[in-house]
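Commentary on secondary and tertiary structure
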Amino acid sequence: MAANWDDEMLTVAFIGTGLMGAPMAKNLLKAGFPVTVWNRSKAKAEALVAFGAGLAETPEEAVSAADVVITMLSDGPAVADFLFAHGAAEKIRRGATVVDMSSIRPAEARDHAERLSALGIYHIDAPVSGGTRGAEAGSLAIMAGGEAERFEPLASLFSAMGRAILLGPAGSGQLAKLANQAIVAITIGAVAEATLMVREGGIDPAAFRAVLQGGFADSVILQQHGKRMQEGDFVPGGRSAFQLKDLENVLSECRDMGLTLPLTALQRDRFADLVGRLDGGDLDHSALFLQLLDSNHRS
């Protein structure tokens, strides 16, 4: 049975209701979409019932009646495991669309698209940027790859979560997300160094951020993560372990393209140090500041 492509009536299965997935699912519910949720840790999915979500006991139950299956999982292997190893894809309605909003490798996204197509299921890779604040505000940058005829009917669904742009065929969204993550990591590193420099020189980092507002060096990362660094607030919005995973994927993709990215490689090494030696994988990625403090023997 083909899916109903009146986007106001789409039924949604949302798989993965963690830090990012939960507020994204809430925004879909607020926009009026019928949403069924499933999460490996059941309590995280149960919390959405109060907002109107249906609770599925199994992945198969979640996806079987959905027009759109949204996945927001940790990495490519987790998405493949959900779809194929445990047979969820076999239960998805023919003609439905899987929208994978996880951050995975472009080659993995292309592989998933091909395997789903063989089952009569469409696929859009649509990773996001904006962190938990963007997820809560419904202002995420959504980078999409896939077929225009499958992307366009999902306009209202995407707009409930943020701003979506189709960038090209399968894998294009994931390639753009990797480029985004390189910019994020390098900028976090620069903000950390600037914050430490002004602090050690006797300038209040808050005043420093204020004077840069509207200038060339201003950014969301400077204002939000610079404040985190100053206050020592590293409750995760974007986990350092995931930032490291994304940087590893950036460099792997670039090796395949015959490219070297020296600044990205440097930040990968710094995040590896934070996650490994300093055990900071569960901290926000702005905790790269802690790695900088450690290397400078500061606290």
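Heads up: these notes are all about the structure in this document. Quick caveat, the model's predicted, so the values are computed rather than measured.

One finds M24, L28, I70, M101, L157 and F158 to be the most contacted residues of the largest nonpolar core, which totals 33 residues. Among the secondary structure elements, those contributing two or more residues to this core are β1 (12–15), α1 (21–30), β2 (35–38), β4 (68–71), β8 (140–145) and α9 (155–159). The element best represented in this core is α1, accounting for five residues. Setting aside residues up to four positions removed in sequence, F158 forms contacts with V99, M101, I124, A126, I142, F151 and A164. Listed in part, the 23 residues of the second largest apolar core include I188, F208, M229 and F234.

Although it is not a glycine, D279 sits at a positive phi angle of roughly 55 degrees. Within the secondary structure layout, D279 lies in the loop between α14 (262–275) and α15 (288–295). Of note in this structure, H297 is not a glycine but carries a positive phi near 55 degrees. Within the fold, H297 resides in the segment after α15. Classification of H297 as exposed rests on a relative accessible area of 74%.

The next thing to look at is the packing of helix α10 (residues 172–200) against helix α12 (residues 220–231). With their axes 10 Å apart at the nearest point, α10 and α12 run at an angle of 55 degrees to one another. In terms of orientation, α10 and α12 fall into the oblique class. The element α10 and its partner α12 pack so that their crossing is right-handed. Only I221, L222, H225, G226 and M229 of α12 make contact with α10, whose side of the interface consists of V184, T187, I188, V191, A192 and T195. In terms of residue class, the contact of α10 with α12 is built from seven nonpolar, four polar and no charged.

Quick look at the side chain of D273 now. Within the fold, D273 resides in helix α14. Reaching out from D273, the side chain makes a polar contact with the side chain of Q291 at a distance of 3.3 Å. When neighbours within four sequence positions are excluded, D273 is seen to be in contact with L278 and Q291.

Using the criterion set out here, one finds 15 salt bridges in the structure. One salt bridge connects R268 with E248, and the closest N-O pair in it is separated by 3.4 Å. A residue pair is termed long-range when its members are at least 10 positions apart, and R268 in helix α14 and E248 in helix α13 (residues 240–257) qualify at 20 residues.

Alternating residues of strand β5 (residues 97–100) divide into T97 and V99 and V98 and D100, and every residue in both groups is buried. The sheet contact formed by β5 and strand β6 (residues 122–125) spans four bridges and is parallel. The residue of β6 that forms the bridge with D100 is D125. Handedness of the crossover is the feature at issue here: the chain leaves β5, passes through helix α6 (residues 106–117), returns alongside β6, and the resulting connection is right-handed.

This part takes up the packing of aromatic side chains. This structure, assessed with the given rule, holds two aromatic pairs. A ring pair is formed by W38 and F82, whose centres lie 6.3 Å apart and whose planes are at 25 degrees; its orientation type is stacked. A residue pair is termed long-range when its members are at least 10 positions apart, and W38 in strand β2 and F82 in helix α4 (residues 76–85) qualify at 44 residues. In this structure F82 comes out as buried when scored by relative accessible area, which is 6%. One residue, R150, lies across the ring of Y122, its end atom 3.8 Å from the ring centre. Taking NZ or CZ as reference, R239 lies 4.6 Å from the ring centre of F242, over its face.

About the thresholds
- Position numbers for residues count from 1 along each chain, tracking the sequence in the order it is written.
- Local features in a predicted model are, by the rule used here, given only for residues with pLDDT of at least 70; side-chain atom pairs are given and counted only at 80 or more, and totals for whole chains, interfaces and linings are based on all residues.
- Only hydrogens and water are set aside when side-chain values are computed; all heavy atoms of the structure are taken into account.
- Buried residues of nine kinds, namely Ala, Val, Leu, Ile, Met, Phe, Trp, Tyr and Cys, make up a nonpolar core once their side-chain atoms join them within 4.5 Å.
- Exposure categories follow from relative accessible area, calculated using a 1.4 Å probe and restricted to protein chains: below 20% of the type maximum is buried, above 50% is exposed, and the middle band is partly exposed.
- By the criteria applied, helices consist of DSSP H or I runs no shorter than four residues and strands consist of E runs no shorter than two, each listed in order from the N terminus.
- Contact definition: two residues touch when any of their heavy atoms are within 4.5 Å.
- Convention adopted: a line fitted to C-alpha atoms gives each axis, helices being fitted over their contacting stretch, and angles between N-to-C directions are expressed from 0 to 180 degrees.
- Angle categories: roughly parallel below 35 degrees, roughly antiparallel above 145, roughly perpendicular from 65 to 115, and oblique for all the rest.
- Here a crossing is called left-handed whenever its near helix is offset anticlockwise from the far helix by less than a right angle, and right-handed whenever the offset is clockwise.
- Residue classes follow a fixed rule: Ala, Val, Leu, Ile, Met, Phe, Trp, Tyr, Cys and Pro count as nonpolar, while Asp, Glu, Lys and Arg count as charged, and any other residue, Gly among them, counts as polar.
- Here a polar contact is taken to be a pair of N or O atoms separated by no more than 3.5 Å, where protein atoms must pair a possible hydrogen donor with a possible acceptor and residues adjacent in sequence count only if both atoms sit in side chains.
- One speaks of a salt bridge when a side-chain nitrogen belonging to Lys or Arg is within 4 Å of a carboxyl oxygen belonging to Asp or Glu.
- Whether two strands pair comes down to DSSP finding at least two bridges between them.
- Assignment of crossover handedness uses the view with strands pointing away from the viewer, where a clockwise path from the first strand over the helix to the second indicates a right-handed crossover.
- Paired rings are identified among Phe, Tyr and Trp, the last through its six-membered ring, by centres lying within 6.5 Å, and are further divided according to the angle between planes into stacked (under 30 degrees), edge-to-face (over 60) and tilted (the rest).
- Remark: a charge is flagged as sitting over a ring if the NZ atom of Lys or the CZ atom of Arg is within 6 Å of the ring centre and within 35 degrees of the ring normal.

Purely geometric stuff here, so don't read any function into it on its own.
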